[in-house]
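Listed below, chain by chain, are the residues.
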Amino acid sequence: MALAPGVLYILCVCLLPVLYLLRFSLSEYHHGSMELTGLTLSNYLKFFSDPYYLELLYSTFIMAILVAVLTILLAYPVAYYLVRVKSPLVRVIAVLVYLPLMASTVVTSFGWQALLADSGFINRTLMNLGIIDEPIKMMYNRVGVYIALVQANMPFMVVQIRNALKAMDPFTIQASKTMGANSFQTFIHVTLPLSMPGISAGVMLVFVSVMSSFVTPTLIGGGRVNTLGSLIYNQVTVAANFQFASAVAFILLVLAFISLYLNNRLMESKKLGGGGR
């Protein structure tokens, strides 16, 4: 009985909306209509039979992976510094890292527009310093979108890696050095493997966030960088095809669950120190 409120909450807030989304995605298309009609697979057949949508799925998947990798490379040193270094700068850096979480994605994207534009702060500074002769194209292409997405997801990765590093037993580092390992060997064979759970959690947060993003690609990409999220948005607001939008959203949800499952299986493998077979 004690579990009943929690189970009921999960059922009402999580499971039922997903089931309704699935049922709606199996409805026949009627322009602007949100009524449930006869069952059909036409929306899914439309998605998987069109090369454009498959290419969009592939490009979104690759974007999510690359952003996750770039975020790891940038977030790990920051998280390591926040945990291992005792300095007054730690609090300042922590505030700078977590500060973007207090601003909406729309506000952050507009800020990046001011920085990345041809006449923006970055290009003006580089030209004034004589580093470049003409502006670097960072708006309305994937370069600017990647920059904005990495910055937006940095806090999630830093938090997860920082928690994993803080949970480490400091005596493992001392034991490694006692056995004759240098700092690099200790990091590769001790610190990095023990921080993999944090990296794994951060990767999933970033991956799912990028897969479903549409605000940043729309504003920074200027309609030239499309994702599954922007496809869903356009199908709802422009085409008024709610049934097809529901099908794409359910496909995105299934991909997220598959990625989560594969990630968990990888973390349980013996190659990463898990208990898998």
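This is a predicted model, so every value here is computed, not measured.

**So, unusual backbone geometry**
Phi at Tyr140 takes a positive value of approximately 60 degrees, unusual for a residue other than glycine. If you trace the backbone, Tyr140 turns up in the loop between helix H6 (121-128) and helix H7 (142-166). By relative accessible area, Tyr140 is classed as partly exposed at 42%. Positive phi is not limited to glycine here, since Ala240 has a value of about 55 degrees. By the element assignment, Ala240 lies in the loop between helix H12 (228-237) and helix H13 (242-268). The exposure class assigned to Ala240 is buried, which follows from its relative accessible area of 14%.

**Considerations on the nonpolar core**
Ranked by size, the top nonpolar core spans 56 residues in total, and within it Phe47, Met63, Val67 and Leu228 carry the most contacts. Residue contributions to this core peak at 13 residues, all from helix H3 (residues 51-84).

**Re the pattern of salt bridges**
Opposite charge on two side chains permits pairing when their charged atoms draw close. Summed over the entire model, instances satisfying the criterion amount to 1 salt bridge. Across the pair Asp118 and Lys137 runs a salt bridge whose closest N-O atoms are separated by 2.7 Å. With Asp118 in the loop between helix H5 (105-116) and H6 and Lys137 in the loop between H6 and H7, this residue pair connects regions lying 19 residues apart in the sequence. A relative accessible area of 33% places Asp118 in the partly exposed class. On the accessibility criterion, Lys137 (54% relative accessible area) is exposed.

**Topic: the packing of aromatic side chains**
Counted according to the given criterion, the structure contains 9 aromatic pairs. Note on Tyr76 and Phe187: the rings are 5.5 Å apart at their centroids and 90 degrees apart in plane angle, and the pair reads as edge-to-face. Linking Tyr76 in helix H3 with Phe187 in helix H9 (residues 183-194), this pair joins segments that are 111 residues apart in sequence. Here Phe214 and Tyr233 contribute two aromatic rings whose centre-to-centre distance is 5.1 Å and whose plane-to-plane angle is 20 degrees, an arrangement assigned as stacked. Placement of the pair is Phe214 in the loop between helix H10 (196-211) and helix H11 (215-221) and Tyr233 in helix H12, with a sequence separation of 19 residues. Of the residues examined, Tyr233 reaches a relative accessible area of 40% and is grouped as partly exposed. Here the aromatic residues Phe47, Phe48, Tyr52, Tyr53 and Phe244 are joined through ring pairs into a cluster of three or more. Just above the ring of Phe244 sits the side chain of Lys46; from NZ or CZ to the centre is 4.4 Å.

**A closer look at the UniProt feature "transmembrane region" (unreviewed entry) in the chain**
Summarizing the sequence annotation, UniProt attributes the feature "transmembrane region" (unreviewed entry) to residues 7-26, 56-83, 95-115, 143-161 and 240-262 in the numbering used throughout. Between the C-alpha atoms that bound residues 95-115 there is a distance of 21 Å. The span itself is 71% helix and 0% strand.

**As for the packing of H7 against H10**
Relative to each other, H7 and H10 sit at 160 degrees, their axes nearing to 8 Å. The angle between H7 and H10 falls in the class roughly antiparallel. Here the hand of the crossing between H7 and H10 comes out right-handed. Counting all contacts with H7, which are made through Leu149, Asn153, Phe156, Met157, Gln160, Ile161 and Ala164, the residues of H10 involved are Gly198, Ile199, Ala201, Gly202, Val203, Leu205, Val206, Ser209 and Val210. Taken together, the residues of the contact of H7 with H10 break down into 11 nonpolar, 5 polar and no charged.

**Section: H12**
Turning to H12, its buried residues are Leu228, Gly229, Ser230, Leu231, Ile232 and Gln235. Elements in contact with the buried residues of H12: helix H2 (42-49), H3, H10, H11 and H13.

What counts and what doesn't
Every chain is numbered independently, its residues counted from 1 as its sequence is written. This being a predicted model, a pLDDT of at least 70 is required before a residue's local features are given, and a value of 80 or more before pairs of side-chain atoms are given or counted; all residues contribute to the totals for chains, interfaces and linings. With hydrogens and water set aside, each side-chain value is computed from the structure's full complement of heavy atoms. Comment: elements are numbered from the N terminus, with helices defined as DSSP H or I runs of at least four residues and strands as E runs of at least two. Working definition: with a 1.4 Å probe on protein chains only, accessible area under 20% of the residue-type maximum means buried, over 50% means exposed, and in between means partly exposed. Note on terminology: a nonpolar core comprises buried Ala, Val, Leu, Ile, Met, Phe, Trp, Tyr and Cys residues joined through side-chain atoms within 4.5 Å. By salt bridge we mean one thing: a side-chain nitrogen of Lys or Arg within 4 Å of a carboxyl oxygen of Asp or Glu. Two rings from Phe, Tyr or Trp (for Trp, the six-membered ring) form a pair when their centres are within 6.5 Å of each other. A pair whose planes differ by under 30 degrees is stacked, one over 60 is edge-to-face, and the rest are tilted. Should the NZ of a Lys or the CZ of an Arg lie within 6 Å of a ring centre and within 35 degrees of the ring normal, that charge is described as sitting over the ring. UniProt positions are given in the numbering used here, feature names are shortened, and annotations may be inferred rather than shown by experiment. Every axis in this analysis is a line fitted to C-alpha atoms, fitted for helices over the stretch in contact. Angles between the N-to-C directions lie between 0 and 180 degrees. The cut-offs work like this: below 35 degrees is roughly parallel, past 145 is roughly antiparallel, 65 to 115 is roughly perpendicular, and the gaps in between are oblique. Crossing handedness is read from the near helix: turned anticlockwise from the far helix by less than a right angle, it gives a left-handed crossing, and turned clockwise, a right-handed one. The contact rule is simple, with two residues in contact once any of their heavy atoms fall within 4.5 Å. Residues are sorted three ways: Asp, Glu, Lys and Arg are charged, Ala, Val, Leu, Ile, Met, Phe, Trp, Tyr, Cys and Pro are nonpolar, and all the rest, Gly among them, are polar.

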